[in-house]
Amino acid sequence: MTSDVTPLTFLSLFLPFLAALAAPVLVKRFGHNAAWVLAIAPALAFAHFALMLPEIAAGGVVTGGYAWVPSFNLSFSWFIDGLSLTFALLITGIGLLIVLYAGGYMKGHPQQGRFLSFLLLFMGAMLGVVVSDSLLMLFVFWELTSITSFLLIGFDHERAASRRAALQALVVTGGGGLLLLAGLIFIWDISGLTQLSMLVRGGDVLRDSPFYLAALLLVLGGAFTKSAQFPFHFWLPNAMEAPTPVSAYLHSATMVKAGVYLLMRLNPVLGDTAAWQILLPFFGGLTMLTGALLAVRQTDLKLMLAYTTVSSLGLLVMLTGFGSDHAIEAAVLYLVAHSLFKGALFMVAGIIDHETGTRDVTKLGGLRKAMPITFAAALAAAISMAGLPPFFGFLAKEEIYYALAHGNPRAVLFTGIAILGNGLMFAVAFAVALKPFLGKPVKTPKHAHEGPLLLWLGPALLALKGLTIALFSGIAHFYVSTPMASAIAGEVRPVEISLIPHIGVPLGLSLLTIALGIVLYTQLSAVRGLIDRTFKALGAGPDRGFDVFIEMLVKVSFHITRLIQPGRLEFYVTATFAVVAAVLLVPLFLYGELPSMPSWPRDMPVHELTFIAIAVAGLIAVLTASSRLTAIIALGIQGFAVAVIFLLFGAPDLSFTQFMVETLSVVILTLVMTRLRLSPSDHRGLGQKLLDSTIAIACGTGFALFLMRATEASFDNRLTDFYNTYSKVIAHGANVVNVIIVDFRGTDTLGEIAVVMITGLAILALIRIRPAAAIKGVAVKGSAKTAKKKGARA
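Residues numbered from 1 in each chain as written. Predicted model: local features only at pLDDT ≥ 70, side-chain atom pairs only at ≥ 80, totals over all residues. Heavy atoms only, no water.

Draft legend 1. Representation of the packing of aromatic side chains in the model. Going through the model one piece at a time under the given rule, you end up with 29 aromatic pairs. Ring geometry for Phe10 and Trp78: centres 6.4 Å apart, planes at 40°, overall tilted. Of this pair, Phe10 sits in helix H1 (residues 6–30) while Trp78 sits in strand E3 (residues 74–80), placing them 68 residues apart in sequence. Pairwise contacts between aromatic rings join Phe10, Phe14, Phe17, Tyr66, Phe76, Trp78 and Phe141 into one cluster. When the ring centre of Tyr521 is taken as origin, the NZ or CZ atom of Lys435, which lies over that ring, is 5.0 Å away. (Phe/Tyr/Trp six-rings, centres within 6.5 Å; stacked < 30°, edge-to-face > 60°. Helix = DSSP H or I, 4+ residues; strand = E, 2+ residues; numbered from the N terminus. Lys NZ or Arg CZ within 6 Å of the ring centre and 35° of its normal.)

Draft legend 2. View of helix H27 (residues 628–648). For H27, which comprises 21 residues, the first-to-last C-alpha distance of 31 Å matches the rise-based estimate of 30 Å (1.5 Å per residue) to within 8%. Burial in H27 covers these residues: Ala631, Ile632, Ala634, Gly636, Gly639, Ala641, Ala643 and Val644. Two residues or fewer after H27 comes Gly650, characterised by a positive phi angle close to 80°. (Expected span 1.5 Å × (residues − 1). Buried < 20%, exposed > 50% of the residue type's maximum accessible area, 1.4 Å probe, protein only.)

Draft legend 3. Here's a closer look at the nonpolar core. Formed by 203 residues in total, the largest nonpolar core has its most connected members in Phe49, Val99, Trp235, Leu266, Leu270 and Phe430. It is helix H16 (residues 327–356) that provides the largest number of residues to this core, a total of 20 residues. Beyond its immediate sequence surroundings of up to four residues, Phe430 is in contact with Leu379, Ala382, Ile383, Ala386, Leu388, Lys435 and Tyr521. Ala581, Leu585, Ala698 and Leu705 belong to the second-largest nonpolar core, a separate cluster that totals seven residues. (Core = buried A, V, L, I, M, F, W, Y, C linked by side-chain atoms within 4.5 Å. Contact = heavy atoms within 4.5 Å.)

Draft legend 4. Expanded view of the layout of surface pockets. Space inside the largest pocket adds up to approximately 2,400 Å³. Taken together, 43 residues line the largest pocket, and the ones lying closest to its centre are Leu619, Leu623, Leu635, Gln638 and Ala696. Counting only elements with at least two residues in the lining of the largest pocket, the list comes to helix H25 (569–590), helix H26 (606–624), H27 and helix H29 (686–712). Of the residues in the lining of the largest pocket, the class split is 25 nonpolar, eleven polar and seven charged. (1 Å grid on protein atoms, 1.4 Å probe; cavity = no way out; pocket = protein on both sides within 12 Å on 5 of 7 lines; lining within 4 Å. Points joined across faces, edges and corners; volume = space filled by probe spheres on them. Nonpolar A, V, L, I, M, F, W, Y, C, P; charged D, E, K, R; others polar.)

Rendered as structure tokens:
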């Protein structure tokens, strides 16, 4: 069943962009309370997508759009199934809360309007990524997320750390975007399809292609950079330089999950291969462990949460590529759970920072009484992150172990990675939720107190949502989990996990994870020190490697620029004509396309030979001229001789044009030369003269051979017939030549006119230039003459 609600869906997609335009004006008018007005846009979009839930749950999809370039099968279209709908609901739902949160967090900031505008643009870009049906539309929005995240991460642009983080994120994700573009072109070329809705039903067309591995690696390059997979994970924690609302949105529902979305979307056509099931679990597992270990190492609340996001993204990639029956279902559950608890915890970290003036967990304590609502939200979100009942994170963790727990060595390896990673994240979750709030009160830079409604509303609702969908998991699975898992798997995959755990191995693994997490939490300081010393012993990581790469890139670019652009005009002219000669001659000799030798000049009439001889004489005169002025005048001899030859061969209009061009060229160049002091001396050495002569002869020979070969080919009169047929019908002109110049090549002619005009203005400016010394000399002479006259009168 397919439904098309094009106008409403189109409006829903562009509501964030419209709100972004209005944000600066509304903030100027209402201050931070403008967030309530701006939140209407994501609220309406969320409501529109929520109305699709019954249809999607029944197995339907929603499609629509507009043709863009029909001849290339390009369209602005969308494809909404269980996967894209879940992402759309997360983006708009959490986005609604983030907009409100930003209103409170950025209260009083002079650039709050600009910030909210960037945030809404970011929301619209991410929404476009997840609902796009057209491959081109997907890529456009994909790159737009990189650009808008650059603006958000570098919002505090006066700080060097913010500028570096923004540039780093743009370089990494933008470079991955280029890889993705190449991968999408491969997919387009292999399948002949430009729409995802048709591609995901394409079966094995991509897997059976000899270019499958190339397409897969390019797509993984785009997905891994966007979703911060090892070794590209370093940009995501550095992005914490952005204001906390950005961090909360970035990590919970938007850009960092774009790569995961792409992998899930293409799973039906790229998955279920050896390469897929090796690369994704390997890099996903490595990322999970790296992120979890680095999270424990941190003391900054935002950095602790940021590295756990890296770990969670690795877990999602690992599950997506694992290949077992329940791995996709586990990935679906964990993605939803992570969006809820991570958004809440990031907002909690922002509230703590906003109200106390610090995010250092070692300098916080005893905030429970001062910030009770924030503490409750943090504790609820941490319980879900730790995978404890009765929150949705518990369902996700149970399904993860149910999917991974098998007897083969591969399953044992990745199960061990999951246990260690989840145990570390358990410790970090409660470190964030308990250490700032429990214990004795600690003096903080600002007097601690509960934040306003706009700040705690978001984390409270997200934490409550994690509880309610776990309690009513049957409804959540029917409308969200099952349609999403089915879309990823390419077949119906009912999700049935509930708060009643899987009795057996999965439950045992959950208990083992909890025990490990408790031990790590109680020994957190010692574990942090051990991990810190280990990483220091390993030396510089990928973050420093990025700096080295940029430094090398700048140095190599500098030397290449110095080599090919030395700032000397003669070098550029020589290189240009050398390339022209190579382009003309190499193909002729390489592919055996040399023309046959002509029968002329023995068959040529005497008068034609005479004018050719005049042209040659003009050439000799140019080469032997003692001054540039003489050479210019002699150069006109060749032009006039060629114009006469055109006339003899029955092209009077071309001949007249040539006469005019040569006359104007000689006159203008002569005028310029008479006004400039140009030395006639030639400073070139013998080697340079030989090189220039060789290139000039090669260019002339190349053009001659090329034209001779072209005239030997049979004449293709299709263009002639086209002009003859349509000149009068379309352009209403009887003179075909005029119609070609004015109508069919109108833009070309306009460009030529513009070039002539600019050249004339440049020459006029050049002629009117007077050296400063000369002007001063004239002024001095004038003053002397005036003084002499005054003396005579006296």
